[in-house]
Structures are given as C-alpha cells and as structure tokens.
Amino acid sequence: MIIRDRYAPSPTGLQHIGGIRTALFNYLFAHSPAGNGEGKFILRLEDTDRTRFDESYVQNLYDTFSWLGIKWDECPNNSGPFAPYIQSERTDHYKKYAQELLDKGQAYYCFCTAERIDEVRKQREAAHSSETGYDRFCRSIDASEAAKKAAAGEPCTVRLKIPLGEATKFNDHLLGDIEWKNDDVNPDPVLLKSDGFPTYHLANVVDDHLMEITHVLRAQEWLASTPLHVIMYKAFGWTPPQFCHLPMVMGQDGKKLSKRHGATSIDEFRKQGYLPAALLNYVALLGASYEERKDIYTLDELAQRFTLEKLNKAPAVFDYKKLEWYNGQYIRMKSDEELAELCLPYAIEANLFREESLAETQRRGGRGEEKGEERREPTEEQVKIFTAAMALVKERLVFLSEVPEKITYLFKDPEIPAAEEFIPKKCDHAQTIKLLEIGKEIIKSMAEAPNDEQAENIIKAEAEKREVKLGDLMMPLRVAITGSRVSPPLFGSLRILGAECCVNRLERVMAEFQKQGRQ
Ligand code: GLU
C-alpha cells in the first residue's frame, strides 16, 4: 500500500499534546510496515487565516519538531533548507481550483457584505429562528452577471454550491460509515476570501489532492468539516482519502485536556525538564494499544508496530503521573555524561555556576580575580563536578529541571540550618556536638575513600567503636555538608566536594552550633 499522510497545523497557537499526537500517529503510520518503507509523512503549514497568524507560532512548530526529533519526509522546493509545504506560498493553486469550481457551476460569487450577513443573523435571532450560517442569498445571481461584477473589481468571495436534497456518505476508519444530509452541512461556505486567500476548506482539500494524500488522520473536532470536504472532492471529480478521526485527549475528569489539568504546550513540558523520547513514548500510547506487556518503545519500534487497527475508539485519558514515570525511566537510561549535557542548560538558567566563594574558586583551580564575577557558563572543572553529581541524583530524578536545586550545595557553601536540624531524635545539643566531633575525625578519610563502600566502612567502624548509632552519626554530618536532612547520597557528595571543603564546612558549622548552644 502507498501511504502518504500529513500533519497540517494552523500556526494560530503553541504546539500542544493533541496536535503532537496527531503528528506522531501520522509519522508512525507512514513509517509502519504498511508503508513498505516508502510511506511519506508530510508537514504542511495551513497559514491562510492571516488574522490569527503569528510568526512565533511557526517558529514554535519548528522548535517542537526539532526538539522531538520528528522529521518530515518531503520538501516542496529541493533547494535550500528542508522546508515543509506552506499554504500562504501556494495561493495561486487555490485560486485556480476555485475558478474550476466556478466554471463547473459548483461554486458561485458572493457579494454580501459583512454588515448584511450580520443583519441576517440579527433578524434570525429576533425571530427565534434555528437557522444558522449563510442564507444562500447570492446563489441565485446569474453566473455570467456575477462573473462580470467580480471582473470589474467588486469585492466578493467564492462560495461552494452545496447540492441540496442529497446526502453525503464517507467512511471513517474508526467510526465506520457516516452519512450527513447536505441540507444540514454548513450552508455554502466560503472557499476563497475577498483578500484572495483560500479558507481552510479549499486549501485543505486542494492540497490533500495535489499532495496525493492517501490517509487523513486528524482530530475528531474536524469531523463536522468532513462532509463538506467530501462534497468538494465530488465537485472536483476527485477520490477522497481514507479518513480516520482520532478520539479526543481528555484530563482525568473526562473533560477535554486543557491548561486546567496542567501543562499542555510542548514548550512547557520542555521547560519542566521532560525528555523528548519520554514524551513521544507516552503520547504514542495515548489512544493506541500495542497489545504487549511493554512500556518503553523507541520511535522506530513504535513505527514497526503501528497499525490503524491499534487505535482506540474511546477518548484517551492523559495521566501526568504516568508521563512522569516515563520521564524517570528515560532519565535512568542516560549515562552520567549524557544526563549532564541535558541538565546543563537548566543549571545555567538557574544560575548554578554564578555565585561561588573565593575559596571554592581557588580550590577548583580558578584565579582569585574571578571572585565576584558574574559567570553563567560553567568552567571545565564545574562541568566535571556537575557530571559526577549526576550519579548522585539520577536514581530519583523525575525532571531535568530539578537538578540545579538538588545539587546547589556542591557549588556553594549552604546556609547553616537552625540548630535543631542537626540534632538526631532522642539526642540533645551536647550529644550532637560529640557526634559532630567524631565526624570531624573521620570526614577527611571518608572524603578521600575511593568509593561509597569504603566510606561507609569507615563511618560504620567509628560508630561501633564509639558506641553511637550509625544514623545518629550520619545525620548531623549530612546537614553540615549539604545543608539539609534530605539530600543526595552523602558519601558521593563528600567525594565530589573533596576533603578540604568538607573539613571547612564541618568546622564552620561546629563553631556556629557551639555558639548557639551557649546562648
Ligand atoms: N489546519 C487544521 C488544523 O489546524 C488541519 C485539520 C486537518 O488535519 O485537516 O488542525
């Protein structure tokens, strides 16, 4: 089977979960075994609504595709950058096809002004009429008269002449055979606007035909437009593609997924620190069942398994918790170096590398003059520390953006917490001082131990010898070094910070802690 499908967004908003799911299903289908390796996924910008157009949304579309790593397979002009099809650059096509429908008597010129159309609407409202849409006022104007007026420059639109008293049938892959009475379809919609731009309906149908689209997988909200499109295919004498309207994506409360539920734009997910592969993996399962007891799929594996039969008819429910789980899984698949590279932009953004004490600068081999410099980019040494820190945080990380806050203490002396934070349960101030003193005796060798196991052996042996609980010995030490009771693993932290820094921090804390005890 030849498969040519497309994602055809209008750049009137940021790319969101629903849109990306449509794009992904089209991508997967074109690259599925059904496509015999020759399927083509096309990207087409439907930017003919100039009132809602915004260049930043076009950029957002490109950024989203590039971040997700989804590539389209065809470029209209084979020179220059690999561009998608852009409807605003193709207006001549649409004019030509609007003319063809006029010539065939399947469309007509309409000279109604916006004021007249508004007047009709008001009159209907006053009469409590249930009629909506255009009242077909210009449909009865003699075609050659109308053509003359249009040629003389009278402002006009071109409308589709919907054959009344008939029904339009089409098949939807998920919803089956569908039949609409033509009289119930949006009455004679505009195809070509007075500014010469086509409406969505004309441009969409003409392009799907010219681009030889075989399958239209799109959101179910477009279902109401499909009878109209099928009428147009018939008017042109073209064969319509196979339609497949995808069920909605909903929040846990059964309502359409929206900002109320959480992030929806892909940009927000990126900023929160999602990995593109995790997002794609999760979105590909939104409304499709792959019948395997398997959660993690690469894009290629998904494409190998994708068939239209695997799509569900029921709406998909977006589960943020499940997406978080996916992100954690993908994070743990990364090496420390890969993860560091991914997290670094978040750390720079959070100013992790900016504030550094002089002692720290010097310890890391920096020069004294660097003190006070506002530096956002990390030094080579800082990148090394940052990379080493990945092993400490990787296991529990949900978002990349969490990293800077979790490891700030590796780059900056933490503020000294209040005294009670240091005191283990069932201990008092004096006992805690003792615990810190024991810690001080072993901290250097712990920091110098080559691995966690050896550092642990040192502290265990000391706890036994001094007859104190291991937990009681660890806790104040952790607070002194990391500034918090809950921190990434202590032994690894000591190793990264180095003996000198650990001893300094402990001494600083002990001085303060003793002072507080005397007050
Ligand atoms: N331009 C429409 C949109 O913004 C495309 C609908 C379709 O795929 O036909 O979603």
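Residues numbered from 1 in each chain as written. Predicted model: local features only at pLDDT ≥ 70, side-chain atom pairs only at ≥ 80, totals over all residues. Heavy atoms only, no water.

Trainee: Just checking my understanding: could you explain the site of the ligand for this structure?
Mentor: As a structural note, the neighbourhood of the ligand is formed by Arg6, Ala8, Pro9, Ser10, Glu46, Tyr200, Asn204, Arg218 and Trp222. Here Ala8 contributes a backbone N or O atom positioned 2.8 Å from a nitrogen atom of the ligand. Surface burial for the ligand is 85%, taken as the share of its 300 Å² of free accessible area covered by protein chains. The residue makeup of the shell around the ligand, split by class, is four nonpolar, two polar and three charged. (Near = heavy atom within 4 Å. Polar contact = N/O pair within 3.5 Å; in protein donor to acceptor, adjacent residues only side chain to side chain. Areas by Shrake-Rupley, 256 points an atom, 1.4 Å probe, with all protein chains shown as cover. Nonpolar A, V, L, I, M, F, W, Y, C, P; charged D, E, K, R; others polar.)

Trainee: Just checking my understanding: could you explain the side chain of Thr226 for this structure?
Mentor: The residue Thr226 is located in helix α7 (residues 226-236) in this model. On the basis of relative accessibility, which here comes to 0%, the residue Thr226 falls in the buried class. Polar side-chain contacts of Thr226 include one of 3.3 Å to the backbone oxygen of Trp222. Setting aside residues no more than four positions away along its own chain, Thr226 makes contact with Phe170, Arg218, Phe243 and His245. (Helix = DSSP H or I, 4+ residues; strand = E, 2+ residues; numbered from the N terminus. Buried < 20%, exposed > 50% of the residue type's maximum accessible area, 1.4 Å probe, protein only. Contact = heavy atoms within 4.5 Å.)

Trainee: Just to check I follow, could you spell out the nonpolar core for this structure?
Mentor: Most often, soluble globular proteins keep nonpolar side chains buried together rather than apart. Grouped together as the largest cluster of nonpolar side chains are 113 residues, with contacts concentrated most on Ile17, Leu28, Phe318, Phe386 and Leu410. Among the elements that take part in this core, helix α1 (residues 17-30) stands out by supplying nine residues, more than any other. For Ile17, the residues in contact, after removing those within four places along its chain, are Val249, Leu257, Thr264, Ile266, Phe269, Leu279, Val283, Leu286 and Phe318. Core analysis: the second largest hydrophobic core is formed by 38 residues, Val158, Met211, Ile213 and Trp238 among them. (Core = buried A, V, L, I, M, F, W, Y, C linked by side-chain atoms within 4.5 Å.)

Trainee: Looking at this structure, I do not really get unusual backbone geometry. What am I missing?
Mentor: In most cases, non-glycine residues show a negative phi, while peptide bonds are predominantly trans. In this structure, His128 is a non-glycine residue whose phi angle is positive, near 50°. Mapped onto the elements of the fold, His128 is located in the loop between α4 (114-126) and α5 (143-151). One non-glycine residue, Glu212, lies in the positive phi region at around 55°. Within the secondary structure layout, Glu212 lies in the loop between α6 (200-210) and β9 (215-219).

Trainee: Explanation requested: the side chain of Thr22 in the structure shown.
Mentor: By secondary structure assignment, the location of Thr22 is in helix α1. When neighbours within four sequence positions are excluded, Thr22 is seen to be in contact with Tyr7, Leu217, Arg218, Ala219 and Leu246.

Trainee: Please explain helix α17 (residues 452-466) as it appears in this structure.
Mentor: At 3.6 residues per turn, the α-helix brings residues three or four places apart onto the same side. For α17, spanning 15 residues, the distance from its first C-alpha to its last is 21 Å, which sits close to the expected 21 Å at 1.5 Å a residue. Summarising the contacts, the buried residues of α17 are in contact with α16 (429-448), α18 (470-482) and α19 (490-497). Just past α17, the residue Glu467 takes up positive phi, approximately 55°. (Expected span 1.5 Å × (residues − 1).)

Trainee: Looking at this structure, how should I read the sheet that holds strand β4 (residues 107-110)?
Mentor: Either a parallel or an antiparallel arrangement is found when strands of a sheet pair, and the pairing is made through backbone hydrogen bonds. Pairing is antiparallel across the open sheet formed by three strands, whose spatial order is β4-β5-β8. Two strands bound the open sheet, and with one partner strand each, they are β4 and β8 (190-192). The mean angle between the axes of side-by-side strands here comes to 45°, regardless of whether they run parallel or antiparallel. (Pairing = 2+ DSSP bridges. Axes fitted to C-alpha atoms, helices over the stretch in contact; angles between N-to-C directions.)

Trainee: Please clarify how the pattern of salt bridges should be interpreted in this entry.
Mentor: Note that side chains of opposite charge can pair when their charged atoms are close. Overall, the coordinates contain 37 salt bridges when judged by the stated rule. For the salt bridge of Asp207 with Arg90, the shortest nitrogen-to-oxygen distance reads 2.8 Å. One end of the pair, Asp207, is in helix α6; the other, Arg90, is in the loop between β3 (85-86) and α3 (91-103), with 117 residues separating them in the sequence. The partner of Lys394 in a salt bridge is Asp336, with the nearest N and O atoms 2.9 Å apart. (Salt bridge = Lys/Arg side-chain N within 4 Å of Asp/Glu carboxyl O.)

Trainee: Please clarify how the packing of α16 against α17 should be interpreted in this entry.
Mentor: The angle between the axes and the distance between the axes are what describe a pair of packed helices. Their axes nearest at 9 Å, the elements α16 and α17 cross at an angle of 160°. Between α16 and α17, the angle is such that the two are roughly antiparallel. The element α16 and its partner α17 pack so that their crossing is right-handed. Across the interface between the two elements, Ile438, Glu441, Ile442, Ser445 and Met446 from α16 touch Ala455, Ile458, Ile459, Glu462 and Arg466 from α17. Classifying every residue of the contact of α16 with α17 by side-chain character gives six nonpolar, one polar and three charged. (Parallel < 35°, antiparallel > 145°, perpendicular 65-115°, else oblique. Left-handed = near helix turned anticlockwise from the far one by under 90°.)

Nothing here speaks to function; it is geometry throughout.
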